[in-house]
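Analysis of the macromolecular model
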Amino acid sequence: MTQSNTIKQQRSQRILELFAIARQRYLDAEGNPRRTPTGLKGDDYMTDEESQEALVLGRQIFPQEYYDRFLAV
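Residues numbered from 1 in each chain as written. Predicted model: local features only at pLDDT ≥ 70, side-chain atom pairs only at ≥ 80, totals over all residues. Heavy atoms only, no water.

Helices and strands together make up the secondary structure of the protein, namely 3 helices and 0 strands. Seen in sequence order, the protein has helices and strands lined up from the N terminus as α-α-α. In summary, the protein has a C-alpha radius of gyration of 14 Å against a globular reference of 11 Å for 73 residues, an excess of more than 25%. Across the 73 residues of the protein, 21% fall into the buried class. Partitioning the intrachain contacts of the protein with sequence separation of at least 6 by distance along the chain shows that 45% fall at a separation of at least 24. (Helix = DSSP H or I, 4+ residues; strand = E, 2+ residues; numbered from the N terminus. Rg over C-alpha atoms; globule rule 2.2 N^0.38 Å. Buried < 20%, exposed > 50% of the residue type's maximum accessible area, 1.4 Å probe, protein only. Contact = heavy atoms within 4.5 Å.)

We now examine the packing of aromatic side chains. Under the defined criterion, the tally for this structure stands at 1 aromatic pair. Arranged with centres 5.2 Å apart and planes meeting at 70 degrees, the rings of Y26 and Y45 form a pair that is edge-to-face. Here the residue Y26 occupies a position in helix α1 (residues 3-28), and Y45 occupies one in the loop between α1 and α2 (48-61), the gap between them amounting to 19 residues. Assessed through its relative accessible area of 28%, Y45 is described here as partly exposed. (Phe/Tyr/Trp six-rings, centres within 6.5 Å; stacked < 30°, edge-to-face > 60°.)

The next point concerns α1. The end-to-end C-alpha distance of α1, which contains 26 residues, comes to 37 Å, matching closely the 38 Å that a straight helix rising 1.5 Å per residue would cover. Taken as a whole, α1 has its buried residues at I15, L18, A22 and Y26. Against the buried residues of α1 lie α2. E30 lies just past α1 and shows a positive phi near 65 degrees. (Expected span 1.5 Å × (residues − 1).)

Right, let's talk about the environment of Q52 for a bit. Here Q52 is to be found in helix α2. When its relative accessible area of 45% is taken as the criterion, Q52 is described as partly exposed. The spacing of Q52 and Q24 is 28 residues in sequence and 19 Å in space, taken between C-alpha atoms.

Structure representation (structure tokens):
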């Protein structure tokens, strides 16, 4: 495995950890386990630092074309 793939895999693992932490906070706050939070600010159960880290990691993992194609509004 190349170093680039290893780094990408580590970043992907970290972003999954951040989402798992947020999910556990949601469940600890007695959120409905069958419902997913909207992900909007205040309903994502992430700290500002975690949200920022997830955003940076996402931009490092996915190419700019992904954002242009799927996230452009």
